[in-house]
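# Coordinates in review
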Amino acid sequence: MKKYRCVVCGYIYDPAEGDPDSGIAPGTPFEQIPDDWVCPVCGVTKDDFEPLEDDDIKMEEKVKPHKQVRNADMEYNEIVPGVFYVGAEHWDRRLFDELIPLPDGTSYNAYLIEGSEKVALIDTVDPEMIEVLFDKLDRLGVEKIDYIISNHAEQDHSGAIPYILEEFEGAKVVTNAKCKNMLIDLLQLEEDNFIVINDGDELSLGDKTLKFIFTPWVHWPETMSTYLKEDKILFTCDFFGSHRATNRLFVEDEYKVLEDAKRYYAEIMMPFRKHIQKNIAKLEDYEISYIAPSHGPVYPRPELIIDAYKDWISDRVENKVLLPYVSMHESTKEIVNFLYQELTARGIKVIPFNLIETDLGHYAIELVDAATVVFGSPMVLGGAHPQVVYAAYLTNALRPKTRFVGIIGSYGWGGKLADQIKSLLVNMRSEILEPVLVKGLPKEEDFDRLIQLADLIAEKHQSLK
Ligand code: FEO
């Protein structure tokens, strides 16, 4: 019986052994494995396997695929020979930038590249986790670091640079001019700590070569990516990242990682959608075997995250309405519930968010591709409820591709609820629909106005097809 090899990660399916962990008994020919079986190492489907010829088998006996080596030797987290993950998992961090919820923690990924002549460290870790980085370098027996590549000046990646400079005498920080100036401001580094590179420059480590690709605005203006030419690994820092603490080096559960990455994109990258379009186009010149971001696991199948990003940054929106709202005395809630039912009856996906309880990260994820947002608020202190004001402010700051915005709510005697929300949405290129504000509890004529709003949204969504 023929063996088959995963073209993505090199795992070999041997029919004599089967895959008992996935319910495939020893002796099962590859052709008889169910179609929904996936590679036990990297998770791709049967379509990504190729038959192994006799010559290949002889070669496999001599050379173990690197990911099999990695699985047998998780301690050192080796992506390919000479390239190691030396980052830190921050399991219990629950807020990033004192703003962004982290339900699964996060990681600060640093990578060590050992060339035949020089050693480079790609990014560092949050200074709070410096001991983890030092411990990993110790266990690898690292005695010198020649270059610290700084892809991004934000302190979760750069904050430990001063400690590395102190520990490894003679090390230089390699980065672009903009990032250098930021690092001098943020970390008080000295001019002579740096080697400044330009877009497209290369740096030899001996048998490995780094190429610098400027990818601005993923997340700050100075951000860049570093490409390891011989191994086709792209180190992207925040770009393509996901806030997730995991001790698995590679993406294993693609669905979960895509959800994490979408949350990350929504909260960090979405405001820079147009820049990302240019950066992704630029990356198309490169053959990429791995994307190694500085948050979350490494992608052994780069097209997973690149294709997802292409969709998120596209102009495509879904037939979906978000309903962020607050209700104080049930009037607004009744209005929201009625609109929810009317939109549902028109075949529209509707997601309400009670802003008193909601995880705004979840709201941000849905903003990535929702066609419409309808804010619901009672009038309070002459304007919208402060939680709705915050949601509107955040929505505006994230600059989603939302096409239509509605405003609904309830008031007692008057106020500027609708004007206030509109004034917060200056960055949005959305069409603002006629607000539906109700005095007290909704009456028959108010329900009629809500029906008209549901009709209008359905009609607008039809025009998107
Ligand atoms: Fe992960 Fe913009 O820092």
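Everything below is about the structure printed above this text.
Residues numbered from 1 in each chain as written. Predicted model: local features only at pLDDT ≥ 70, side-chain atom pairs only at ≥ 80, totals over all residues. Heavy atoms only, no water.

### Topic: the overall build of the protein chain
The helix and strand inventory of the protein chain stands at 14 helices and 26 strands. Here the protein chain holds 465 residues, and 57% of them are scored as buried. By sequence separation, contacts in the protein chain at least 24 residues apart represent 70% of the contacts at least 6 residues apart. With 49 positive and 81 negative side-chain charges, the protein chain shows a spacing of 6 Å between the two charge centroids. (Helix = DSSP H or I, 4+ residues; strand = E, 2+ residues; numbered from the N terminus. Buried < 20%, exposed > 50% of the residue type's maximum accessible area, 1.4 Å probe, protein only. Contact = heavy atoms within 4.5 Å. Lys, Arg positive; Asp, Glu negative; His and termini not counted. Charge placed at Lys NZ, Arg CZ, Asp CG, Glu CD.)

### Points about the packing of helix α8 (residues 273-283) against helix α9 (residues 303-313)
The geometry of α8 relative to α9 is characterised by a closest axis approach of 10 Å and an angle of 140° between their N-to-C directions. Taken as axis vectors, α8 and α9 run oblique relative to one another. The two elements α8 and α9 cross, and the hand of that crossing is left-handed. Contacts between α8 and α9 pair Arg-273, Ile-276, Gln-277 and Ile-280 from the former with Ile-306, Tyr-309, Lys-310, Trp-312 and Ile-313 from the latter. The class makeup of the residues in the contact of α8 with α9 is six nonpolar, one polar and two charged. (Axes fitted to C-alpha atoms, helices over the stretch in contact; angles between N-to-C directions. Parallel < 35°, antiparallel > 145°, perpendicular 65-115°, else oblique. Left-handed = near helix turned anticlockwise from the far one by under 90°. Nonpolar A, V, L, I, M, F, W, Y, C, P; charged D, E, K, R; others polar.)

### Re a nonpolar patch on the surface
On the surface, a nonpolar cluster with roughly 310 Å² of combined accessible area is contributed by Leu-99, Tyr-390 and Tyr-393. Note on placement: Leu-99 falls in the loop between β7 (95-96) and β8 (100-101). Residue class for Leu-99 comes out partly exposed when judged on its relative accessible area of 43%. (Patch = residues over 30% accessible without salt bridge, like charges linked within 9 Å, V, L, I, M, F, W, Y side chains within 5 Å. Areas by Shrake-Rupley, 256 points an atom, 1.4 Å probe, with all protein chains shown as cover. Salt bridge = Lys/Arg side-chain N within 4 Å of Asp/Glu carboxyl O.)

### Overview of the packing of aromatic side chains
Scanning the model with the defined rule gives 19 aromatic pairs in all. On the numbers, 5.7 Å between centres and 70° between planes, the contact of Tyr-13 with Trp-37 is edge-to-face. Of this pair, Tyr-13 sits in strand β2 (residues 12-13) while Trp-37 sits in the loop between β2 and β3 (49-51), and the two are 24 residues apart along the sequence. The burial state of Tyr-13 is the same as that of Trp-37; both residues are buried. A centroid spacing of 4.6 Å and a plane angle of 45° characterise the contact between Phe-338 and Phe-447, whose relative ring orientation is tilted. Of this pair, Phe-338 sits in helix α10 (residues 331-345) while Phe-447 is found in helix α14 (residues 444-462), placing the two residues 109 residues apart along the sequence. According to the relative accessible area criterion, Phe-338 is buried, its value standing at 18%. When its relative accessible area of 21% is taken as the criterion, Phe-447 is described as partly exposed. An aromatic cluster is built from Tyr-4, Tyr-13, Phe-30, Trp-37 and Phe-49, whose rings are joined through pairwise contacts. (Phe/Tyr/Trp six-rings, centres within 6.5 Å; stacked < 30°, edge-to-face > 60°.)

### Some words on the pairing of strand β20 (residues 318-325)
For β20, a buried count of six out of eight residues is recorded, marking the element as mostly surrounded by other parts of the structure. Sheet analysis places β20 next to strand β22 (residues 370-380), joined by four bridges and oriented parallel. The partner of Val-321 across the bridge, within β22, is Thr-372. When β20 meets strand β21 (residues 349-354), the two strands line up parallel, connected through six bridges. Looking at β21, one finds that Val-321 is bridged to Val-350. Once you follow β20 into α10 and on to β21, the crossover reads as right-handed. (Pairing = 2+ DSSP bridges. Right-handed = clockwise from strand over helix to strand, strands pointing away.)

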